[in-house]
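As a plain string of letters, each chain reads:
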There are 2 protein chains.
Amino acid sequence: MPSNQDEIRNGLSGEERLIERYFRPLATAPNAFGLGDDAAALTPPAGCDLVLTTDGVIAGVHFLPEDPPQGIARKALRMNLSDLAAKGATPAGFLLSIALPTNTQESWIAAFAEGLGQDIGHYDCPLLGGDTDHTPGPLSISITAFGTVPHGGMVRRATAKLGDIIAVTGTIGDAALGVLLHRDTDLAKRWRLSSAAKDHLEERYLLPQPRNALADALRAHASAAMDVSDGLAGDLAKLCRASGLAAEVDVDAVPLSDAARVVLSADAKLIDRILTGGDDYEIVLTVPAAKFGALRAAAGNAGVPLAEIGQVMSGQGVRFLREGKVLSFARPSYSHF
Amino acid sequence: MPSNQDEIRNGLSGEERLIERYFRPLATAPNAFGLGDDAAALTPPAGCDLVLTTDGVIAGVHFLPEDPPQGIARKALRMNLSDLAAKGATPAGFLLSIALPTNTQESWIAAFAEGLGQDIGHYDCPLLGGDTDHTPGPLSISITAFGTVPHGGMVRRATAKLGDIIAVTGTIGDAALGVLLHRDTDLAKRWRLSSAAKDHLEERYLLPQPRNALADALRAHASAAMDVSDGLAGDLAKLCRASGLAAEVDVDAVPLSDAARVVLSADAKLIDRILTGGDDYEIVLTVPAAKFGALRAAAGNAGVPLAEIGQVMSGQGVRFLREGKVLSFARPSYSHF
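Model, not experiment: these values are computed from the prediction. (Residues numbered from 1 in each chain as written. Chains lettered and ligands numbered in written order. Predicted model: local features only at pLDDT ≥ 70, side-chain atom pairs only at ≥ 80, totals over all residues.)

*Asks:* For this particular structure, what's the right way to read the overall build of chain A?
*Replies:* A count of helices and strands for chain A gives 12 helices and 12 strands. The C-alpha radius of gyration of chain A comes to 22 Å, within 12% of the 20 Å expected for a compact globule of 337 residues. Out of the 337 residues in chain A, the part that is buried amounts to 55%. Taking the contacts inside chain A whose residues are at least 6 apart along the sequence as the reference set, 88% of them involve residues at least 24 apart. (Helix = DSSP H or I, 4+ residues; strand = E, 2+ residues; numbered from the N terminus. Rg over C-alpha atoms; globule rule 2.2 N^0.38 Å. Buried ≥ 20, exposed ≤ 12 C-beta atoms within 10 Å, placed from the backbone. Contact = placed C-beta atoms within 7 Å.)

Shown next as structure tokens:
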């Protein structure tokens, strides 16, 4: 057993040891100071604003405790990257706060750090610092991410204009169906899904694909944007409310994956879940009609599918129309409350 | 009961309602966008770096669930302000992530927001954004704070120099005694503390007084600094380790409050607790001998007491000396692990 003085000299606390072993190797940016300081420093490029966002996940609320730790790490980071994407920002780094139950296995932390490291590289978004604690509660992860935009260039929610086209990236509702499949393996049979289709939907829930490739095009062309994380219906309603406007959406124009179409053919009522479920991590945006062609071309160049789904109107509220009728929802927006 | 469409049009989710009522009134900075966007924007002054830090508290770990919510809010913010102070940074704003148990009373949230509002004003550190969730676990608060320094000006841990004077602000150990008093009301009698002395120590635990007034002076004169949050012994050991140097501290020179001296006279063994307990939120710093006078004068002008306690040496480890003997500690650094 080391003497007390040895402990002061060479010993690290449990927290320091975890950080040294698993997180310091990820913090290679010089301004992270190897996680060995009270704070990180960030030098924004001249003439740029920083975009700041924070989002977190809690075991049992946002993910299942037995989900693979690599994926939990990647999803937590990607949720924040999706916010940066929707604001037209280039990722500049992030801080990680993690509260670990006292019985957390070190192998869990190793796998979590491995997943995080993959996405740090993939998105060029360095780990700059963080905070580690033990908790008597569920494992909780909170990430604060930073991006840069030219001064005044952040794409806002509140700036949609009357008559703008409404568009969304990718496909909607896959993750909302994927989480049902993830929690109930019998559903795939009931929905007559192929194994590939089931995997597609589940993967869309487990590992979002944030649209960071679209950030520059959004800044150049979109009038307003936000990421779709709490369901298209509720999130578009937030954007319209912030802009003091209304919207009409053509339900048949909402882009769906082939797998989601199979599910709908088995149970048509799930259109509700598709339009109001969470975890899409796509972008809903508004764009003046005159700029839509340029935006779609830029999105195509960036490899991001973009579909026109509706129009910004005067008034309040969002109406989802199908065959001339307004669709009503059981619960318009996903909320963990 | 409203129709589904009314809900989409006018309804807010539980999370949105809480944010609108209690947190939006605090987010008056224009770049917070009234908490109504995915992200905040921050425009650093030209030629400045941003200093980024994150720290959080969990009920039952860092505070008692029955502690006043105002104080919990203020302490959580001040813990982060203390990190900015130690880095020589001027506060520029913060993001708040809060995970609320489902049975949280709205009155608790109102009081929490009230406390937060007081310190937002007092420290001119605006609320820029955040994230609210419900949790099956204990109430948890994570704050990420931002400060500004002239480019390259962040005061680091790793830059102490051989022969530098070591100094600390304020008094050490009050909060470590205060938390004992807070948890066991009989102790005040056993230690023969006056009611005023008991209140002083407890208040030092409940409401840190971060040394933001010293930030400019630190940047001008200190060679290295960090805030003392996990106990003087452990935190100075971290600073020395980061700098690749050792230190000797004169225990009798460590500044103590009158209340702490009364406690020590009742139980001399508590010097261990005083030097290794957490929650001081003072600053330990190193400064070249030639600059110490200027730093002390600047600290005096800022109303911050500063005491010389030791010297940076070559080698490894921190030795606390009393009457020529090395003091040994039961647990050199406070850790929640």
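From this point on, the discussion continues.
*Asks:* I would appreciate a short explanation of the interface of chain A and chain B in the present structure.
*Replies:* Interface size is often expressed as the accessible area that is lost when the parts come together. Contacts between the two partners involve 69 residues from chain A and, on the opposite side, 70 residues from chain B. At nine residues, the largest contribution of residues to the side of chain A that touches chain B is made by strand E2 (residues 48-58) of chain A. Looking at the side of chain A that touches chain B residue by residue, the classes come out as 29 nonpolar, 26 polar and 14 charged. The pairing of strand E1 (residues 40-42) of chain A with strand E2 (residues 48-58) of chain B spans three bridges and is classified as antiparallel. Note that in E2(B) the partner of A:Leu42 across the bridge is B:Leu50. (Nonpolar A, V, L, I, M, F, W, Y, C, P; charged D, E, K, R; others polar. Pairing = 2+ DSSP bridges.)

*Asks:* What is the right way to read the sheet that holds strand E12 (residues 325-326) of chain B from this model?
*Replies:* Paired through backbone hydrogen bonds, the strands of a sheet run either parallel or antiparallel to each other. Residue and element names in this part refer to chain B. Pairing is mixed across the open sheet formed by seven strands, whose spatial order is E7-E9-E6-E10-E8-E11-E12. Taken across any chain shown, the strands that pair with only one partner, and hence form the sheet edges, are strand E7 (224-228) and E12. As judged from the four bridges shared by strand E8 (residues 246-250) and strand E10 (residues 306-313), these two strands associate in the antiparallel manner. Following the sheet pairing, Ala247 is matched in E10 by Val312. Contacting strand E6 (165-169), E7, E8, strand E9 (282-287) and strand E11 (317-322), helix H9 (residues 232-243) crosses the sheet at an angle of about 155° to E7. (Axes fitted to C-alpha atoms, helices over the stretch in contact; angles between N-to-C directions.)

*Asks:* Looking at this structure, how should I read the packing of helix H7 (residues 195-206) of chain A against helix H10 (residues 258-266) of chain A?
*Replies:* Residues and elements named next belong to chain A. Where H7 contacts H10, the two axes come as close as 9 Å, and the packing angle between them is 110°. Between H7 and H10, the crossing angle belongs to the class labelled roughly perpendicular. Along its contact with H7, which presents Ala197, His200 and Leu201, the element H10 presents Asp258, Ala259 and Val262. Residues of the contact of H7 with H10, tallied by class, amount to four nonpolar, one polar and one charged. (Parallel < 35°, antiparallel > 145°, perpendicular 65-115°, else oblique.)

*Asks:* How do you make sense of the nonpolar core when you look at a structure like this?
*Replies:* Burial of nonpolar side chains together is a common tendency in soluble globular proteins. If you look at the biggest cluster of nonpolar residues, it comprises 203 residues, and the most contacted ones within it are A:Val284 and B:Val284. Discounting residues that sit within four places of it in the chain, B:Val284 has contacts with B:Ile166, B:Val168, B:Ala225, B:Met226, B:Val228, B:Leu232, B:Asp235, B:Leu236 and B:Leu239. (Core = buried A, V, L, I, M, F, W, Y, C linked by C-beta atoms within 7 Å.)

*Asks:* Hey, could you run me through the domain arrangement of chain A in this one?
*Replies:* Residues and elements named next belong to chain A. Split into domains, chain A comes out as domain 1 (12-150) and domain 2 (165-326). Domain 1 and domain 2 are separated by 27 Å when their C-alpha centres are compared. Each partner contributes to the interface: domain 1 provides 17 residues, whereas domain 2 provides 16 residues. With 11 residues, helix H3 (residues 69-86) is the single largest residue contributor to the side of domain 1 that touches domain 2. By residue class, the composition of the side of domain 1 that touches domain 2 is nine nonpolar, four polar and four charged. (Domains from an automatic or database assignment.)

*Asks:* Is there a simple way to explain unusual backbone geometry in this structure?
*Replies:* When glycine is set aside, most residues are seen to have a negative phi, and most peptide bonds are trans. Positive phi, close to 50°, is recorded for A:Glu323, a residue that is not glycine. For A:Glu323, the position within the fold is in the loop between strand E11 (318-322) and strand E12 (325-326). Take A:Glu323: there are 7 C-beta atoms within 10 Å of it, and that puts it in the exposed class. Positive phi is not limited to glycine here, since B:Asp279 has a value of about 75°. Tracing the sequence through the fold places B:Asp279 in the loop between helix H11 (271-276) and E9. Among the residues examined, B:Asp279 registers 23 C-beta atoms within 10 Å and is labelled buried.

*Asks:* Honestly, the environment of A:Gly178 in this entry has me stumped. Any pointers?
*Replies:* Residue and element names in this part refer to chain A. With respect to the helices and strands, the residue Gly178 is situated in helix H5 (residues 174-183). Owing to 24 C-beta atoms within 10 Å, Gly178 belongs among the buried residues under this scheme. When the C-alpha atoms of Gly178 and Ala188 are compared, they prove to be 9.9 Å apart, with 10 residues separating the residues in sequence. Ignoring anything within four residues of it in the chain, the contact list for Gly178 reads Leu201, Glu202, Arg204 and Tyr205.

*Asks:* Just to check I follow, could you spell out the sheet that holds E1(A) for this structure?
*Replies:* The sheet built from five strands is open, its strands ordered E1(A)-E2(B)-E5(B)-E3(B)-E4(B) with mixed pairing. Two strands lie at the open edges of the sheet, namely E1 of chain A together with strand E4 (127-135) of chain B, each paired on one side alone. Mean inter-strand twist for the sheet, computed between neighbouring axes without regard to direction, equals 20°. Each of E2, strand E3 (90-101) and strand E5 (140-150) of chain B touches helix H3 (residues 69-86) of chain B; the most contacted strand, E2(B), lies at about 145° to it.

*Asks:* What am I meant to see in the relation of the copies chain A and chain B here?
*Replies:* Its rotation angle being 180°, the transformation that places chain A on chain B also includes 0.0 Å of axial translation and leaves an RMSD of 0.0 Å. The transformation just described matches what one would write down for a two-fold rotation axis. Judged by C-alpha distance, A:Gly137 is the residue of chain A that lies nearest the rotation axis, at 2.1 Å. Comparing interface residues between copies, 100% of those in chain A also sit at the interface in chain B, which points to an isologous, same-surface contact. (Least-squares fit on C-alpha atoms with pLDDT ≥ 70 in both.)

*Asks:* Just to check I follow, could you spell out the pairing of E6(B) for this structure?
*Replies:* The side chains of a regular strand alternate between the sheet's two faces. All names here are of chain B. A large share of E6 lies buried, amounting to five of its five residues. On E6, burial covers both faces: Ile165, Ala167 and Thr169 on one face and Ile166 and Val168 on the other are all buried. The sheet contact formed by E6 and E9 spans four bridges and is antiparallel. Bridge pairing links Ala167 to Leu285 in E9.

*Asks:* I tried to follow H3(A) on my own but got confused; where do I start?
*Replies:* Note: α-helices contain 3.6 residues per turn, so residues at a spacing of three or four share the same orientation. All names here are of chain A. Helix length check: H3, at 18 residues, gives a terminal C-alpha distance of 26 Å against a target of 26 Å (1.5 Å per residue), a fit within 8%. The buried count for H3 comes to 16 of 18 residues, which makes it a mostly enclosed element. Two residues or fewer past H3, Gly88 is found with a positive phi of approximately 75°. (Expected span 1.5 Å × (residues − 1).)

*Asks:* Looking at this structure, how should I read the confidence of the model for chain A?
*Replies:* Atom-level detail of predicted coordinates should not be read off regions where pLDDT is low. Residues and elements named next belong to chain A. Averaged over every residue, the pLDDT of chain A is 93; residues scoring 70 or more account for 94%. Here residues 1-11 is modelled with pLDDT under 50, and outside its nearest four sequence neighbours on either side it reaches 17 contacts, counting other chains as well. For this predicted complex, the interface score ipTM comes out at 0.92, alongside a pTM of 0.93. (pLDDT = per-residue confidence, 0-100.)

*Asks:* Looking at this structure, how should I read the environment of B:Leu35?
*Replies:* Along the polypeptide, B:Leu35 turns up in the loop between helix H2 (14-23) and strand E1 (40-42). For the pair B:Leu35 and B:Ala160, spaced 125 residues apart in the sequence, the C-alpha separation amounts to 41 Å.

*Asks:* Sorry, what's going on with the pairing of E11(B) here?
*Replies:* Residue and element names in this part refer to chain B. In terms of strand pairing, E8 meets E11 through five bridges, oriented parallel. Following the sheet pairing, Ala247 is matched in E11 by Val318. Note: E11 against E12, two bridges, orientation antiparallel. Within the sheet, the bridge partner assigned to Arg322 lies in E12 and is Lys325.

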